[in-house]
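Architecture and fold: a report
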Amino acid sequence: MKRWIRLTAVILVPVFLFLSCCSCGTQSDAGKVQTIRIGVTVYRKDDTFVASLCTYLEQIAKKKENESGKKIVLNIVDGQSSQALQNDQVDQFISRNYDVICVNEVDRTAAATIVNKVKAAKIPLIFFNREPVEEDLRMWDHAYYVGADAAQSGRLQGEIVVEAWKKNKSLDLNGDGKLQYVMLEGEQEHQDALLRTEYSIKAITGAGIHVEKLADDIANWQRAQANSKMTQWIEKFGSRIEVVLANNDDMALGAIDALKASHLDPKPIVLGIDATQAGLKAVDDGSMYGTVFNDARAQAQAIFDLSYSYATGFTTSGGAKPSGRYVRIPYRVVTRENCQDILDEMRS
Ligand code: GAL
Ligand code: CA
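Quick summary incoming for the structure in this document. (Residues numbered from 1 in each chain as written. Chains lettered and ligands numbered in written order. Predicted model: local features only at pLDDT ≥ 70, side-chain atom pairs only at ≥ 80, totals over all residues. Heavy atoms only, no water.)

**Here we look at the layout of surface pockets**
Note the cut-off: For each structure, a 1 Å grid was placed over the protein atoms alone; sets of points admitting a 1.4 Å probe that cannot get out are labelled cavities, open sets with protein on both sides within 12 Å along at least five of seven lines are labelled pockets, and lining residues have an atom within 4 Å of a point. Grid points are joined across faces, edges and corners, and a volume is the space filled by probe spheres set on the points. For the purposes of this entry, the term helix denotes a DSSP run of H or I that reaches at least four residues, the term strand denotes a run of E that reaches at least two, and both are numbered from the N terminus. Polarity classes work like this: nonpolar for Ala, Val, Leu, Ile, Met, Phe, Trp, Tyr, Cys and Pro, charged for Asp, Glu, Lys and Arg, and polar for all others, with Gly in that last group.
Considering only enclosed or pocket space, the largest pocket measures out at about 370 Å³ in volume. Surrounding the largest pocket, 20 residues form its lining, Ile 269, Gly 286, Met 288, Tyr 289 and Arg 336 being those nearest its centre. Those elements that place two or more of their residues in the lining of the largest pocket are helix H7 (150–167), helix H10 (249–262), strand E9 (269–271) and strand E12 (332–335). Looking at the lining of the largest pocket element by element, the count peaks at five residues for H7. Each residue belonging to the lining of the largest pocket can be placed in one class, and the counts come to ten nonpolar, three polar and seven charged.

Here you go:
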């Protein structure tokens, strides 16, 4: 009997030691990872805000590569507004054993297909900027969303208008005590378009200001589309337009282009969201009244940090993983008073 116990111990102890070594392998392996592969697909590369987020991602990855001595492959591909193409791109990342896959969905309501693919391959998945429905995100334990609180951006945009309206009675061009506005909206199903449209107006009416909507239309985040909508509205409503609310800076800039071409006098005030370089310049020169800072760099940092942690430490096979599935970077109000500070911050 004693011999049997001794024999068992002789066999089991090394097995146990071997196994425990394997289970701690994910931690001790962290220092050994030489190449990290991060695959990123975006809904379209020519979107101003998304392009700036990608530039930040590249800068952050380069910096980390220099600091860590690891090779970081950051492959950013363009979905070109095609969900089918984007699905193929995700397949490619999977077949090439990428460590992490980051997706800026073309059709954010159709995330389940990608979640299923990436889950089957046991790869961590980070959605960003275009928020999938929660049910889809929850299908994979290692799926996340990095973005911002869309309702907050609408609220802040509305608050800029409230301040302006209270401070400056001449904004009420026809003196009827009501704020006549037009609204330029982003893509139809986009969470930011829906919530910004809703909450900007809620903030204004919630402050006791009566509003009258003259027109609203979808311009898909794009300057040229916004320009042509605004040109039509100027023809139709002329100086009855007191405020132009745009769901992003590019559309606000399109409206400003149309206003400049029209020589309308007096002009309505124009509000955007994003604080892109061109947006900040327009706030600085007074052609845009205000915008809301959508912090592309902080979002890129959050995407990168999560990707790096997974590639070097966290595991999808029962090991550690970060708590919470949502990372939301706060928005900030930008007016002429603080736009230089924001520009300096972006340059630093
Ligand atoms: C929004 C941004 C828009 C556009 C859109 C694309 O957050 O404000 O300018 O980039 O994302 O999904
Ligand atoms: Ca009025």
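**A short note on the pairing of strand E7 (residues 210–218)**
Put simply, the rule is: At least two DSSP bridges between two strands are needed for those strands to be called paired. If you view a crossover with the strands going away from you and the path from the first strand over the helix to the second runs clockwise, you call it right-handed.
Across eight bridges, strand E6 (residues 178–185) lies against E7 in parallel orientation. Across the sheet, residue Glu 185 finds its bridge partner in E7, namely Ile 218. The parallel pair E6 and E7 is bridged by helix H8 (residues 191–206), and the resulting crossover is right-handed.

**As for the nonpolar core**
For clarity, the threshold we go by: What we call a nonpolar core is a set of buried Ala, Val, Leu, Ile, Met, Phe, Trp, Tyr and Cys residues that are connected through their side-chain atoms within 4.5 Å. Remark: exposure states derive from per-residue accessible area (1.4 Å probe, protein chains only) relative to the maximum for the residue type, with buried under 20%, exposed over 50%, and partly exposed in between. Source of the domain bounds: an automatic or database domain assignment. Residues count as neighbours in contact if any of their non-hydrogen atoms are within 4.5 Å of one another.
Core analysis: the largest hydrophobic core is formed by 67 residues, its most contacted members being Val 40, Leu 184 and Met 230. Looking at which element gives the most residues to this core, the answer is helix H12 (residues 296–312), with nine residues. Each of domain 1 (3–147 + 296–325) and domain 2 (150–293) accounts for three or more of the residues forming this core. Once residues lying within four places of it in the same chain are set aside, the contact partners of Met 230 are Val 182, Ile 241, Val 244, Ala 255, Ala 258 and Leu 259. Grouped together as the second largest cluster of nonpolar side chains are 21 residues, Ala 164, Leu 179, Ile 269 and Tyr 331 included.

**A look at the pattern of salt bridges**
Under the convention used in this document: Salt bridge, as used here: a side-chain nitrogen of Lys or Arg that lies within 4 Å of a carboxyl oxygen of Asp or Glu.
Enumeration according to the criterion identifies 16 salt bridges in this entry. Two residues, Arg 138 and Glu 134, come together in a salt bridge whose shortest N-O distance is 2.9 Å. Close ionic contact of Lys 229 with Asp 217 constitutes a salt bridge, the shortest N to O distance being 3.4 Å. Taken as a pair, Lys 229 in helix H9 (residues 223–237) and Asp 217 in strand E7 lie far apart in primary sequence, twelve residues in all.

**Let's talk about H12**
This is how it is decided: By definition here, a helix of n residues has an expected span of 1.5 Å times n minus one.
The terminal C-alpha atoms of H12 lie 24 Å apart, and with 17 residues this matches the ideal 24 Å at 1.5 Å per residue to within 8%. Burial within H12 is extensive, with twelve of its 17 residues counted as buried. Those residues of H12 that fall on the buried side of the exposure criterion are Ala 296, Gln 299, Ala 300, Ala 302, Ile 303, Phe 304, Leu 306, Ser 307, Tyr 308, Tyr 310, Ala 311 and Thr 312.

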